[in-house]
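For reference, the chains in residue letters:
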Amino acid sequence: MRRKMVAGNWKMHGSLAANEVLLGDLTAASARLTCDVVVCVPFPYLAQAQRRLAGSAIGLGAQDCSVHEQGAYTGEVSVAMLHEFSCGHVIVGHSERRAYHGETDSAVAAKAQRVLASGMTPIVCVGETLQQRERDETEAVVGMQLDAILHLLGDRMHDLILAYEPVWAIGTGRTASPQQAQDVHAFIRQRAQRHCQGAARTRILYGGSVKSANAVELFAQPDIDGGLIGGASLNAVEFLAIADAASAAT
Ligand code: PGA
């Protein structure tokens, strides 16, 4: 049985004042949630979120990490630093990192390996663009992104979390239908299981315009184990309603 999970990806949003309110609202309601809940905040807010989430059931995560262990890499943040702030999860390979920062499949896999080695859990994102979907290349693209992970971490698949995020559904209000998402999730699980039987236990989150209005149907799919939530994670009421949907489906 895979426990449902909801991870908030704040992206480059927030302020000390706004975070105080949002984190306060989330922790106040967290006792009722029976799924795993994590918020992935911008680096400068890790200390604030660590303090505000202490003692609550909500976990803390980051949105990226360096592929390097330490050294002369200006602007980079190491997994050891994230660990010091009680991060349990790190998103790697988000499509915005792949598109705007040129992150390759192998760099994403190397980051996931670093996160695992530090005792944290990577949330590894994969997903196709609209053009690729229209050309019927979804499985080829997602398969290639996944293979880089399987190549390096094929025997650790049960220790990481995957997130299927079709690029055309991110921040666009255009969600994959539950069946479209389920089809790709099933494809991902089957491919991962060919390398590692433990992939039956790997949680695969769906991301891309998840809201309370579509969460119930998405989380009812057999291979959708929760959501990676962008825009809706900035609104406590909406994010908690999505977490309620995941709790009910658990
Ligand atoms: P969205 O973003 O929920 O705003 O579509 C999801 C993500 O990019 O992780």
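Given the structure is predicted, the values throughout are model-derived calculations rather than measurements.

Caption draft 1: View of the state of the cysteines. On inspection of all chains with the given rule, the structure shows zero disulfides. Cys 65 forms no disulfide, and the closest cysteine sulfur to it belongs to Cys 87, at a distance of 10 Å. Cys 87 forms no disulfide, and the closest cysteine sulfur to it belongs to Cys 40, at a distance of 7.9 Å. For Cys 87, a relative accessible area of 4% puts it in the buried group.

Caption draft 2: A look at the layout of surface pockets. Its volume calculated, the largest pocket comes out at about 420 Å³. Along the wall of the largest pocket there are 15 residues; nearest its centre are Lys 11, Met 12, Gln 63, Arg 97 and His 101. Here the lining of the largest pocket gets three residues from one element, more than from any other, and that element is helix α4 (residues 95-100). Of the residues assigned to the lining of the largest pocket, the class counts are seven nonpolar, four polar and four charged. For the second largest pocket, the calculated volume is near 280 Å³.

Caption draft 3: Up close: the site of the ligand. Taken together, 13 residues surround the ligand, and among them Lys 11, His 94, Glu 165, Gly 171 and Ser 209 come closest. The separation between an oxygen atom of the ligand and a polar main-chain atom of Ser 209 is 2.7 Å. Interatomic distance of 2.9 Å between a backbone N/O atom of Gly 230 and an oxygen atom of the ligand. About the coverage of the ligand: the protein hides 95% of its 280 Å² of free accessible area. Looking at the shell around the ligand residue by residue, the classes come out as four nonpolar, seven polar and two charged.

Caption draft 4: A look at unusual backbone geometry. If you check the backbone angles, Lys 11 has positive phi at about 55° while not being a glycine. Mapped onto the fold, Lys 11 is located in the loop between β1 (5-9) and α1 (16-29). If you check the backbone angles, Asp 136 has positive phi at about 65° while not being a glycine. Here Asp 136 lies in the loop between α6 (130-134) and α7 (138-153). For Asp 136, a relative accessible area of 71% corresponds to the exposed category.

Caption draft 5: How the structure looks around the pairing of strand β7 (residues 203-207). For β7, a buried count of five out of five residues is recorded, marking the element as mostly surrounded by other parts of the structure. Here β7 shows no split at all, with Arg 203, Leu 205 and Gly 207 on one side and Ile 204 and Tyr 206 on the other all buried. Sheet analysis places strand β6 (residues 161-164) next to β7, joined by four bridges and oriented parallel. Paired with Leu 162 across the strands is Ile 204, a residue of β7.

Caption draft 6: Quick peek at helix α5 (residues 105-117). Between the first and last C-alpha of α5 there are 18 Å, a value that for 13 residues agrees with the 18 Å anticipated at 1.5 Å per step. Buried within α5 we find Val 108, Ala 109, Lys 111, Ala 112, Val 115 and Leu 116. The arc enclosing the buried residues of α5, seen along the axis, measures out at 160°, which places them on a common side. Those residues of α5 that are exposed and angled more than 90 degrees off the buried face are Ser 106 and Ala 117. On its buried face, α5 is in contact with α3 (79-84), β4 (87-92), α4, β5 (121-126) and α7. Directly beyond the C-terminal end of α5, a positive phi value near 90° is found at Gly 119.

Caption draft 7: Local environment of the environment of Leu 82. Positionally, Leu 82 belongs in helix α3. A residue is classified by how much of its surface remains accessible, and Leu 82, at 0% relative accessible area, is buried. Separated by 117 residues in sequence, Leu 82 and Ala 199 place their C-alpha atoms 26 Å apart. Each residue touching Leu 82, except ones within four places of it in the same chain, is listed here: Phe 43, Leu 46, Ala 62, Asp 64, Cys 65, Val 77, Cys 87, Val 90 and Met 120.

Caption draft 8: Inspection of the pairing of β4 at higher detail. Counting buried positions along β4 gives five out of six residues, so the element sits mostly inside the fold. Here β4 pairs with β5 via four bridges, running parallel. Within β5, the residue paired with Val 92 across the bridge is Val 124.

Caption draft 9: Just the pattern of salt bridges, in detail. Taken as a whole and judged by the stated rule, the model has 19 salt bridges. Glu 20 is paired through a salt bridge with Arg 51; the nearest N and O atoms lie 4.0 Å apart. Here Glu 20 is found in helix α1, whereas its partner Arg 51 is found in helix α2 (residues 46-53), with 31 residues between them in sequence. Overall, the relative accessible area of 29% leaves Glu 20 in the partly exposed class. Judged by relative accessible area, Arg 51 falls into the exposed class, the value being 54%. With its nearest N and O atoms 2.8 Å apart, the salt bridge here joins Asp 244 to Arg 32. Taken together, the residues span a long stretch of sequence, with Asp 244 in helix α10 (residues 236-249) and Arg 32 in the loop between α1 and β2 (36-40) at a distance of 212 residues.

Rules of the game
- Residues numbered from 1 in each chain as written.
- Predicted model: local features only at pLDDT ≥ 70, side-chain atom pairs only at ≥ 80, totals over all residues.
- Heavy atoms only, no water.
- Disulfide = S-S within 2.5 Å.
- Buried < 20%, exposed > 50% of the residue type's maximum accessible area, 1.4 Å probe, protein only.
- 1 Å grid on protein atoms, 1.4 Å probe; cavity = no way out; pocket = protein on both sides within 12 Å on 5 of 7 lines; lining within 4 Å.
- Points joined across faces, edges and corners; volume = space filled by probe spheres on them.
- Helix = DSSP H or I, 4+ residues; strand = E, 2+ residues; numbered from the N terminus.
- Nonpolar A, V, L, I, M, F, W, Y, C, P; charged D, E, K, R; others polar.
- Near = heavy atom within 4 Å.
- Polar contact = N/O pair within 3.5 Å; in protein donor to acceptor, adjacent residues only side chain to side chain.
- Areas by Shrake-Rupley, 256 points an atom, 1.4 Å probe, with all protein chains shown as cover.
- Pairing = 2+ DSSP bridges.
- Expected span 1.5 Å × (residues − 1).
- Arc of directions from axis to C-beta.
- Contact = heavy atoms within 4.5 Å.
- Salt bridge = Lys/Arg side-chain N within 4 Å of Asp/Glu carboxyl O.

Keep in mind these numbers describe shape, not what the thing actually does.
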